[in-house]
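Spelled out, the chains give:
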Amino acid sequence: MLETRKISCDLCVVGGGLSGMCAAIAAARNGSRVVLMHERSVLGGNASSEIRMWICGAGEQHTETGIVEEIELENKYRNPTKNWYIWSSILYDFVKREPNITLLLDCPCMDAETEEGKYADGRTKKIVWVKGYQTTTQRFYEVSAQYFADCSGDSILAPLTGAEFMLGREDKKVFGEPTHVEESDSMTMGMSCILQARETDEKITFIPSERATVLTEKDFENREPDLYNPYENFWYLELGGNRDSIGDTEELRDELISLALGTWDYVKNGESPKYDTFELEFLGFIPGKRESRRMTGEYILTANDILSDRDFDDTAAYGGWTVDDHFPAGFYHKGVPNTHIVTPAPYKIPYRCLYSKNVENLFFAGRNISTTHMALSSTRVMKTCALLGQAVGTAASIAAKFS
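Quantities reported herein were computed from a predicted structural model and do not represent experimental measurements. (Residues numbered from 1 in each chain as written. Predicted model: local features only at pLDDT ≥ 70, side-chain atom pairs only at ≥ 80, totals over all residues. Heavy atoms only, no water.)

J.: Can you break down the side chain of Asn358 residue by residue, with the values?
T.: Checked against the element boundaries, Asn358 lands in the loop between β17 (347-350) and β18 (362-364). Reaching out from Asn358, the side chain makes a polar contact with the backbone nitrogen of Glu164 at a distance of 3.0 Å. In contact with Asn358, not counting residues within four places along its chain, are Arg123, Thr124, Lys125, Gly162, Ala163 and Glu164. (Helix = DSSP H or I, 4+ residues; strand = E, 2+ residues; numbered from the N terminus. Polar contact = N/O pair within 3.5 Å; in protein donor to acceptor, adjacent residues only side chain to side chain. Contact = heavy atoms within 4.5 Å.)

Right, here's the structure in full:
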């Protein structure tokens, strides 16, 4: 029988992306004992060296401050060449230098126990512990805590604890949002396995895999690759919004790898090859997700709240990215891959979107906060998620002190 180790703490954070990291660091700095449980070997989530999505936010005119700015400033100082592996070490350092954090890497959360009861504001459940399995040590960890924060992206604590959640797109009748969706459905934005390339001084040959998707110039209408553009990372190689964004991830990963390899074949060997000296430097094998389960909080933030720059008495964080809704078919959607509605920057996000409507001691931060689909298309970007994490960690530490 495998060993089970039990840990008690004030706050258990599930998920070590930027939102989970900032939640854990904020709580630890405020004196809370924190366990950070993360399923991968490196921190950062979508911003990690394994996935390499951009850290976007409210824009250059409204740079996010707080812990995420600390991380970025240290990265600029220690990592001027933007090496991804140094970036991973910086994220690791930020967590490991906090003595109040116990870090459990390679430890996906897989189980939880709850208590039924009558709690404040009509809540009916309370989490007692969560359990993770650490693949490197072949050991289970059972973590009991006063408070829990789901920063996992996919809201793993929703099915494990019975926390209420939402999934899919609301039509324009539900919240009166400016959406093209006529009937609510379960579709989401898709996921991507990105490519990165570098230019060399010699001609580089690429021999494609037999699994590479055969693509032509027609497939790249509205999505023309441009390797001389410093912002090109092939984000539009996106699939899965019209599938199960969690249950179909393995199949979608296979399709995305084939699509990425086919894209590089098109770039190197297509009808008009113009990148003879470029070499494929990175191909992501872990899809970067944009959307799946969204937790239901005390309040559901809408696109109308964002676009009207609504004031909230309980503002806890800020956003500013556009309402950037990607079509569910992703790369195979005919026409432009996404829509942009410019938002006020910075707009306000209320604290009531960051804790569960029905689970007494559950917070959440990241792309899974309590929003509509359209609002999520703006709040999901990682600098915004980092601010949400810092707000949650701070709130949980205050609650732990005074509960």
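J.: Give a description of the packing of helix α1 (residues 18-29) against helix α3 (residues 84-96) that names residues and reports values.
T.: Look at α1 against α3: their axes get within 10 Å of each other, and the N-to-C directions meet at 30°. Put simply, α1 runs roughly parallel to α3. The two elements α1 and α3 cross, and the hand of that crossing is left-handed. Contacts between α1 and α3 pair Leu18, Met21, Ile25 and Arg29 from the former with Leu91, Phe94 and Val95 from the latter. Counted by class, the contact of α1 with α3 contains six nonpolar, no polar and one charged residues. (Axes fitted to C-alpha atoms, helices over the stretch in contact; angles between N-to-C directions. Parallel < 35°, antiparallel > 145°, perpendicular 65-115°, else oblique. Left-handed = near helix turned anticlockwise from the far one by under 90°. Nonpolar A, V, L, I, M, F, W, Y, C, P; charged D, E, K, R; others polar.)

J.: Before we move on, can you summarise the pattern of salt bridges with the specific residues and values?
T.: Side chains that carry opposite charge are capable of pairing whenever their charged atoms lie near each other. Counted under the stated rule, the structure contains 35 salt bridges. As a salt-bridge pair, Asp154 and Lys289 come within 3.0 Å of each other at their nearest N and O atoms. Of this pair, Asp154 sits in the loop between β6 (139-150) and α4 (157-161) while Lys289 sits in strand β12 (residues 288-289), and the two are 135 residues apart along the sequence. Overall, Asp154 belongs to the buried group, its relative accessible area being 19%. Residue class for Lys289 comes out buried when judged on its relative accessible area of 10%. Residues Arg352 and Asp314 are paired through a salt bridge, measuring 2.8 Å at the closest nitrogen-oxygen approach. One end of the pair, Arg352, is in the loop between β17 and β18; the other, Asp314, is in the loop between α7 (303-307) and β14 (315-319), and 38 residues separate them in sequence. Judged by its relative accessible area of 19%, Asp314 is buried. A single salt-bridge network, built from bridges that share partners, covers Glu74, Arg78, Asp93 and Arg97. (Salt bridge = Lys/Arg side-chain N within 4 Å of Asp/Glu carboxyl O. Buried < 20%, exposed > 50% of the residue type's maximum accessible area, 1.4 Å probe, protein only.)

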